[in-house]
Every structure is written in structure tokens, then in C-alpha cells.
Amino acid sequence: MKKPNDVIIRSVTKVAVVIIFTFAINLFISGHHYPGGGFIGGLAFASGLILLFLTFDIEAVRRNIPVDFKVVAAVGVLIAVLTGVGAMLFDSPFLSQTFGYFNLPIFGRTELATAVIFDVGVALAVIGTSVTIIMSIGDDR
Amino acid sequence: MSFWLHVMILLPFLFAIAVPFIYKKVSPRIHTGWFVLFIPLVIFIYLLAFIPKISNGNTFTETVPWMPSFNIDFTTYMDGLSLIFGLLISGIGALVILYSIFYMSKHREALNNFYVYLLLFMGAMLGLVFSDNMIVLYVFWETTSVSSFLLIAYWYERETSRYGAQKSMLITIFGGLAMLAGFIMLSIMADTYSIREMISKASEISSHSLFIPAMILILIGAFTKSAQFPFSIWLPDAMEAPTPISAYLHSATMVKAGIYLVARLTPIFGGSAEWFWIVSVVGLITLLYGSVNAVRQTDLKALLAYSTISQLGLIMSLLGLGSASLYFGVGDDSSVYAVAIFAAIFHLVNHSTFKGSLFMVIGIIDHETGTRDIRRLGGLMHLMPISFTLAVIGSFAMAGLPPFNGFLSKEMFFTAVLNASSMSVFNADVIGLAIPIIAWIASVFTFVYSMILVFKTFGFRGKNKPEKLGRDVHEAPIGMLISPLVLGTLVIIFFFFPNTLSHYLLQPAMDAVLPTIAGEAGVLDIKISAWHGWNTELFMTLGVIGLGTLLYIYLKKWFPIYHLLPEGFTLNSLYNLGLEKMESVSKVITVRYMTGFIRDYLVYIFAFIILVVGGAMWLFDGYSFDLSKDAPVNIFEVILMTLMVITALAVLFSKKRLTAIVAVGALGFLVSFFFVLFRAPDLALTQLVVETVTTALFLLCFYHLPQLKKEISRIPFKAVNAVISIGVGVVVTIVALSANGNRLFSSISGYYENSYELAGAKNIVNSILVDFRGIDTMLEILVLCIAGLGVYTLIKLRPQRRDENEEAK
């Protein structure tokens, strides 16, 4: 295969990926009150990673991000299940979520919700799974 | 309120977790069994403390909520019946583990597996006999089946072990499922899962239309577990398990679970003619079948397996005959039949003692001589005097001879069958006479195989000299003899002090089986005595001994009658044939529709949708739509629609895959514009990102595929495609329109509008995802994760591709 001329996409990707990741994290955090959430945030993050795969060689990305995404997916599911179990420790039914308002040093009065932890699990599971699938198929030459 | 009974049931399970670690730490220096031994000992001692309280008529109940919303609580209940079983499970469990320490080599065997399975079984069995809730009982019931499967397949490298394990699993789980259906019917009738509450509603239940079906289904469960005819075929094959397991699961405890269930449910079902006839007739047939077949066995363990089947049949038939006492209610008649229940419980205990010790003795013989084949054994009497004595005690108790406990329960069994023959109810006049005759014939065969067991193994017979076995045969180590010695001693103690046993254990158990009669003083006051004059029972026993001895001496003369039946005409070959046919027929069916073409599978799926969904709509007049309430279609929607149609057509007619992928992606983006129009930003965002990712995925996948070729296909093929695709489109459109036009229920969206108060979130969609319907999301990401792993496995872990292999050649 001849080496493709991909200077433009490489340059654009380097900038765009940062923006995509930032946007993904923003989507995740804003999910509580505004459009967004763990699923979309995770998927957007995964699409940023996929852009990296498409632009650069898979090996290069793997060297720079030495993460086993199967483990990420499993950890995500584990977190989600454990938040459910956590509710049982407080004598509530499985997967009960709660929230409260706290005064934090920098943010001031902030709402903290256990659902966010569950959402972290969702996001990780989505990132892990989609990247695992893409990498398995993309790697299969 | 204490939960010690729960702790006791869970103790073996909890310790099972620790066993592998202990094994890793101490093996092979110390035998893991020494650590496991404590568990049954502690439980046994704990249960012993209950004997005085139970014999005073107390019962104990403890409840731990499990699934309160389904009325399923883990309620434990202890009365005389469950106490006897608990003592058998823990007591014989302790002896078996002690025996296994010397039987299982700590150098060669995977002891961690062995003891984990054994503890699993012990916990499940304790849970089974002490739980009051039917669903909990069922869970433990199946757990015993599973642990039995694991233990039979313990030497899984042997094909016979795997065969036996599969057989026992198939049969007992089949019975268990039938039983579950019966349990559910019972719970529908009684409106409770608690066995005690069901017993208090017994009269309501007996007039319900589900009474007979529930009874039959539950009996199938009990019969499969207790190896009753015709489900008995799994037990001989289960003898592939290590001998301690055969002694424990397949003679003393697990196979008695069916007996336990029948006894436990007698207050509900007993007193009806169907229960009486099914239980006693199946029991009697099993008794005869088992004892006749035991005589022809040449493997000592197979002989014991058939004798166990036969003895289980005996106990079962006694429970059936005794259930008549509930029909008569309180009075003199009932106590006559209550003797049968008493004899059943008595014989159950006796059988566990003598059969347990016999299994252990056979294990010793196997261990020392290396064979269990009667045709090769002989003359061990002088070499193994202690084992010989134990074998005599066990076999003579089994044959029903004094001074061993089997004599007492056998006499009571004869009393019970004689009573049944003169019974005036349930149309028993004619068939009733056959009951004692069958019982007597079966007893003669029992006598014969008991004698075979002792004298063909230990006695001197012609050319079978122990020297021929090719190894130095000697008595077993003392540790191996302790357990059978304890059981053998009990066999004799029970003979001399039966009334002590009866007062503390058997009477309370009988009160539990016959609760309505138990209240009356004196009715159930049964005294056991070895000598009660020259009555019919004694003459029957003498007849058994006389004819049995004759039959044993002239065994060679009449043995050929076993060959009269054709070889293939057995239940076993029926089972094998069924298994074989099931495999081949299902293969034929599967090959027919699993073509390997994705197109075919899509055809099945879509045709199914058209038939079921469209058919249901058509049958139930579901397709009615009301467009009047719909919002008017505006210009943006029309434009979007037109674009979507164009992209969809572009997919169909594109010549290159790349074009098709891009067109599909464009279609997806257009859909997300619809979400924007309808003000669903979350959905639009998700759709956009999903579309991006899937398009990338498609591009990666299609990289591997060949160039799209011009399809040259026949007209009918294209016509089928067209019909299916148009059909799916029409059905989905109709469903969507009808669903919109007919609101059967009021909308539930109002509830979610309170998300800020309920979940502290202003984003309803997300709070539904993570909070209101959190369990859906949890399972979805689990599915997602599994799908990801599936893709990974399929691609990364597949065997080398065929063409690569061929290239390598």
C-alpha cells in the first residue's frame, strides 16, 4: 500500500481531538441538568479516539495510550453494578440513587448525586466497548 | 429472634470459599479434609442440642426477608422430621469426610474441588430440609442436583463418569422442573409459599382443581431424586463417583430428599386415594425392581446401587401406605396405618447407617484389592477380619436379620403391608392382597443379594483366591475403619435401644408428618420390640430366610432366567436411544435452517415480524388510526422526508460499497435532524455520535469485503426480497400509526416531569437513564460489554484462517 498523503487530516486531528475530548467531558458533566450524559459523553469520547485511529496508525495510538479498553469496559460495568450494591449497604433497594447539596471550597454550593458515579460506569463501559470493537476489527488485516 | 439456623445452613457455603486457599497453603503436607471435618462436626453438635427441645414438641422458626415483594422469605423451620435429616446430613457427612481423608490420596487427587463440591452439597441439603419456603427449597433442591453432578463427574477424564453425571443431571433436573411447576400450582391454591401455611390450608387445597396435577408434578420431582422406578436408571451410573460420595449422596442423604419431600407434603396430599396409590405402588415396584436387579450385578457398587433403589422404594411405599392414616382421621384405624409412617422414618435412619457402612466397606475392598468385581473376589475373610465383620453387620441388617436394626424396621414393614392388605378403603380389596406378596418376594431377593455381598466377597469359593489379585491384600488403615465402625455400632445399638431413638427422634418426626393426628395422646405412641410372639410377620421373616438361603445356594441353577429378557429391552437403552435420537434429529433440523447465509437469517427474522406482528394486528383488528389529532406536517419535515427517501434509494442503487456506507450515514444524520425539529437534543446528539461511530465501523469492516459485484439473480429470488422488505415497511408503518392513534393507557411521562424533585436533575432523559430506569441501563451496558468482548473474541481468538493454513502447506 502506498503511503497516503494525509498531512491535512493529521494536522486537523491533532487540534480537533482535543476539542472533541473537551466537548465529550463537557457533555458528560452537563448531563445532569442539560443535554448530555454518560452514554453520549462516552460515545463522543470514543469517537475522538476513533478519529485518532483513523488518522494515525493503530500501533502508534496504542503506544501513546497504553490502555486495555476491554478492561475499561469491564471496570465501567463493575462501577455501575457496585453503585447499585452500594445502595443496599444503606438498606435501600438495589440501584437506589440519591443526591444532596454541599458547600465545596471552590464551587460553592454544589449538588452532588450518586447517579454521577453510575454515569461514570456507563461512560467507561461505552468507551471501552466501542473502542474494543473498532480496534479488533480495524486491527484485523 | 436469632438466625443461627441460617448461619448453620450458610456455614458450609462460606467455608467452601475458603477451601481452595487452605488447599493451596497446606497441600500436600496436610490433608485438606482435616479442616473440612470441623464444619459437619460443629453442625452435628449444634443440632444435637435441639433433640430434647424437639422431643418435647417444640418447633423453631426463623425468618430472613429475601424477596419480600414476591412473598419469598428465607424462612427456616425445624421440627422432628427436618432434625432427623439434619442429623443424618451432618453426622454421616462428618463420618464420610473422615473416611475420605484416608480414601482420597492427598498427592494425586484435586482435593480442593472435591471438598468444595462436598460442602456445596452439604449446605444445599441442609437448606433443603430446613427451609419452609417452597421457592427456597427448590433453589436448594437444584443445588443438590448440581453438586451431585459435579461430584459424579469428579474423575471427569473417565468417559463413564461424564456419562453418569450427565444422566443424573438430565433426570433430576427434569424432575426438579416438574416439581417447580407443582410448587407454583400449590402456591396458587394456597396463596402462599410457606409449607406450614399450606398444611394449615390442606382441606382447601384438596378440593381445588389443580390438586391432582400439582401432586403428580411434585411426585415426579420426588421420584426422580429418590431414584424411583422408572427414573431409577441414573443411580447405578452415579456410582462412578468416588466411594465416599456414593456413601454420602447416593445412599444416605441426597437420594432421600425425595423421601423427605413426600413426607413433608403428606399432610397436604395424604388422605387422598391418588396419593396413596401412586406413592405406594411406585414404591413397591421400585422395591421389587431394585432387589431383583441387584442380584444379577457383578460390580459390588452396582449391587449396592440397586439395593439402594430397592430400599428407597421400600421407604417410599411405607410413606404411601401410611398416608391412609390421614384419611381415617383420629381413631384406632389411623394408628394402624401410622405404623407405616413410623416404619418409614425408622427404616430411613437404619438404611443410612447400614448402607453407609456397607459403601465404606466396599470402598475399602476396592482400595485394598483394586477391584470391585464379585467374579474376581473371594476369601478376604481372614485377610480383612474387621471389614468382614462390618460387612456382615451391614448386610444382615439390610436382609432384615436380628440382632440388627434392619430386623425391627423390616418387621414393621411387614406389619404395614399386612395392614394394607386388609384395608377397606380406596378399592383396595383385590389389589390389596398383592401388596404383602410383592413385599415378601422383594425381601427374599434382598436376602439373596445381601448374602452375595458378604459370602462371595469374603467367603472361600473355589478358585478365587486373594493371591490371584496380584497384590498384597491386607486390612485397611485404622482411620478408614473408624467411620464404618461407628455406623456398624449404631446398627447394633439401634436394635437394642430402639425406644430411646424412637422417643427422641422418630416420634417427633412422625408428629411432623401426621400433624393432625399427633395432637391426640396415645394414638401415635408406638413401642418397638424385637419379640412380639409367633405372629405372621415373624413367619414371613422365617420364610424369607428359608427361601433366600435356598435361592442363594442354588443361584447358578436359576440365574439364567435373567437372560430371558432381550439385551436391548431395558430402560437404559431407551434412555440412550432417546439421547441419541434427540441429538441426530435436532442436528437434521438445525442443518436445514442454519444455512450460514446472513440473508437467510434476515429473511427468517423479517418474515417472523411480518407474520407475528402483522398477523396479530390483523387478527385483533389493531390497525385503526386516527390522524385528526396529529400536528400538521410543515415544510421542514417534507424536505427532510424527501432527502431521506433519496438517500435510502441511493443505498439501494449504489454501485460501490463506499457510496452505500456514506448514504446510510447521511440517512442517519437526517434522522437526527428530525430529533432536532421535535426538540429532543439528547436524542439528536446521541444519534449524531452513534452515526459517526457506526459509519467509521462500517468503513473498517467493508475494507475486508470484496468489491460489490453486479448481482445476477433470478426473478423469484428478487420477488421474495421485495415482498419481505415491503411487508416489513408496511407493518412498521401501520404499527407506528396505530400506536399513535390508540392510547390504551394514560401517559406515564407526568411522573418523570418531577425529576428535579425526585432525582435532583433537570435533564429528564438522563435521570431516566441513570436513576428511574437505572437497572435497564445497567443491563444494557452489560450487554454492550459482552457484545464487545464477543467481537473481540471472534476476531482475535479465532483459529488460524483456512487459506493461511493451506498456504503454509
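Not measured: the values here are computed from a predicted model.

Enquirer: Give me the lowdown on the overall build of chain A, citing residues and values where you can.
Expert: A tally of helices and strands in chain A yields five helices and two strands. The dimensions of chain A, computed from C-alpha atoms along their principal axes, are 65 × 30 × 25 Å. Counting over 141 residues, chain A shows a buried share of 39%. Taking the contacts inside chain A whose residues are at least 6 apart along the sequence as the reference set, 66% of them involve residues at least 24 apart.

Enquirer: Outline the overall build of chain B, supporting the account with residue identities and numerical values.
Expert: Within chain B, the secondary structure is distributed over 37 helices and two strands. Seen along its three principal axes, the alpha-carbon backbone of chain B occupies a region of about 105 × 75 × 55 Å. Put simply, chain B has 809 residues, and 44% of those count as buried. Once local pairs closer than 6 in sequence are excluded, the contacts in chain B between residues at least 24 apart make up 78%.

Enquirer: For the confidence of the model for chain B, give the residues involved together with the corresponding values.
Expert: Across chain B, the average pLDDT comes to 83, with 91% of residues at or above 70. This complex was scored by the predictor with a pTM of 0.76 and an ipTM of 0.89.

Enquirer: How would you sum up the packing of helix H5 (residues 80-103) of chain B against helix H6 (residues 111-130) of chain B? Please name residues and give values.
Expert: Residue and element names in this part refer to chain B. Running from N to C, H5 and H6 cross one another at 170°; their axes reach a closest spacing of 9 Å. Between H5 and H6, the crossing angle belongs to the class labelled roughly antiparallel. Each of Ser 82, Phe 85, Gly 86, Ile 89 and Gly 93 in H5 lies in contact with H6, whose residues at this interface are Met 122, Met 125, Leu 126, Val 129 and Phe 130. Considering only residue class, the contact of H5 with H6 consists of seven nonpolar, three polar and no charged.

Enquirer: Please provide a residue-by-residue account of helix H4 (residues 69-89) of chain A, values included.
Expert: Compared with an ideal rise of 1.5 Å per residue, which puts 21 residues at 30 Å, H4(A) spans 30 Å between its outermost C-alpha atoms and is within 8% of the ideal. Every buried residue belonging to H4(A) is among A:Phe69, A:Val72, A:Ala73, A:Gly76, A:Val77, A:Ile79, A:Ala80 and A:Thr83, and all of these are buried. Buried residues along H4(A) cover an arc of 145° about the axis, so they all sit on one side. Relative to its buried face, H4(A) has exposed residues pointing more than 90 degrees away, namely A:Val85, A:Met88 and A:Leu89. On its buried face, H4(A) is in contact with helix H5 (114-139) of chain A together with helix H36 (774-796) of chain B. With its phi angle positive at about 65°, A:Asp91 sits one or two positions after the end of H4(A).

Enquirer: Go over the pairing of strand E1 (residues 60-67) of chain B, please, and point to the residues and values.
Expert: Residues and elements named next belong to chain B. Bridging between E1 and strand E2 (residues 72-78) involves seven bridges; their strand directions are antiparallel. By the bridge assignment, Met 67 is partnered in E2 with Ile 72. Here E1 folds back onto E2, and the loop between the two strands holds four residues, one of which, Asn 71, carries a positive phi near 65°.

Enquirer: Describe the environment of B:Ile441, listing the residues and the values that go with them.
Expert: Take B:Ile441: it is sitting in helix H21 (residues 429-458). The spatial distance from the C-alpha of B:Ile441 to the C-alpha of B:Val292 is 9.1 Å, given a sequence separation of 149 residues.

Enquirer: Just give me the short version of the interface of chain B and chain A, but keep the residues and values in it.
Expert: Chain B puts 36 residues into the contact, and the matching count from chain A is 44 residues. Going through the elements one at a time, helix H31 (681-702), helix H35 (764-772) and H36 of chain B are the ones with two or more residues in the side of chain B that touches chain A. Among the elements that take part in the side of chain B that touches chain A, H36(B) stands out by supplying 15 residues, more than any other. Residues belonging to the side of chain B that touches chain A are distributed by class as follows: 24 nonpolar, eight polar and four charged.

Enquirer: Tell me about the nonpolar core, and name the residues and values.
Expert: By size, the foremost hydrophobic cluster in this structure holds 204 residues, and its most contacted members are B:Leu119 and B:Ile345. Once residues lying within four places of it in the same chain are set aside, the contact partners of B:Leu119 are B:Pro12, B:Phe15, B:Ala16, B:Val19, B:Val36 and B:Ile39. If you look at the next biggest cluster of nonpolar residues, it comprises 50 residues, including A:Ile40, B:Leu688, B:Val765 and B:Leu769.

Enquirer: Let's hear about helix H16 (residues 300-322) of chain B: which residues, and what values?
Expert: Taking 1.5 Å of rise per residue, the 23 residues of H16(B) would be expected to cover 33 Å, and the 33 Å separating its terminal C-alpha atoms lies within 8% of that figure. In terms of burial, H16(B) is a largely internal element, 22 of the 23 residues being buried.

Enquirer: Which residues make up unusual backbone geometry, and what are the values?
Expert: All names here are of chain B. Pro 230 follows Phe 229 through a cis peptide bond whose omega is 0°. In this fold, Pro 230 is placed in the loop between helix H11 (211-225) and helix H12 (234-237). With a phi close to 60°, Asp 191 is a non-glycine residue in the positive phi region. One non-glycine residue, Arg 679, adopts positive backbone phi at about 60°. Among the structural elements, Arg 679 can be located in the loop between helix H30 (657-677) and H31.

Enquirer: I'd like to hear about the environment of B:Thr415, residue by residue, with values.
Expert: All names here are of chain B. Looking at the secondary structure, you find Thr 415 in helix H20 (residues 405-421). Under the C-beta neighbour-count criterion, Thr 415 is labelled buried, with 20 such atoms within 10 Å. Distance from Thr 415 to Leu 48, taken between C-alpha atoms, is 31 Å for residues 367 residues apart in sequence.

Enquirer: With reference to specific residues and values, describe the environment of B:Gly313.
Expert: Residue and element names in this part refer to chain B. Take Gly 313: it is sitting in helix H16. Note on Gly 313: 27 C-beta atoms within 10 Å, which makes it buried. The sequence separation of Gly 313 and Tyr 289 amounts to 24 residues, and the corresponding C-alpha distance is 9.0 Å. Each residue touching Gly 313, except ones within four places of it in the same chain, is listed here: Gln 228, Gly 283, Leu 284, Thr 286, Leu 287 and Gly 290.

Enquirer: Before we move on, could you go through the packing of helix H2 (residues 38-55) of chain A against H5(A) and cite the residues and values that matter?
Expert: All names here are of chain A. The interhelical angle for the contact between H2 and H5, taken along N-to-C directions, is 30°, at an axis separation of 8 Å. The angle between H2 and H5 places the two elements in the roughly parallel class. Of the two elements, H2 crosses H5, and the hand of that crossing is right-handed. Seen from H2, the contacting residues are Gly 38, Phe 39, Gly 41, Gly 42, Leu 43, Phe 45, Ala 46, Leu 49, Ile 50 and Phe 53; seen from H5, they are Asp 119, Val 120, Val 122, Ala 123, Leu 124, Val 126, Ile 127, Ser 130, Val 131, Ile 134 and Gly 138. The class makeup of the residues in the contact of H2 with H5 is 15 nonpolar, five polar and one charged.

Analysis parameters
Residues numbered from 1 in each chain as written. Chains lettered and ligands numbered in written order. Predicted model: local features only at pLDDT ≥ 70, side-chain atom pairs only at ≥ 80, totals over all residues. Helix = DSSP H or I, 4+ residues; strand = E, 2+ residues; numbered from the N terminus. Buried ≥ 20, exposed ≤ 12 C-beta atoms within 10 Å, placed from the backbone. Contact = placed C-beta atoms within 7 Å. pLDDT = per-residue confidence, 0-100. Axes fitted to C-alpha atoms, helices over the stretch in contact; angles between N-to-C directions. Parallel < 35°, antiparallel > 145°, perpendicular 65-115°, else oblique. Nonpolar A, V, L, I, M, F, W, Y, C, P; charged D, E, K, R; others polar. Expected span 1.5 Å × (residues − 1). Arc of directions from axis to C-beta. Pairing = 2+ DSSP bridges. Core = buried A, V, L, I, M, F, W, Y, C linked by C-beta atoms within 7 Å. Left-handed = near helix turned anticlockwise from the far one by under 90°.

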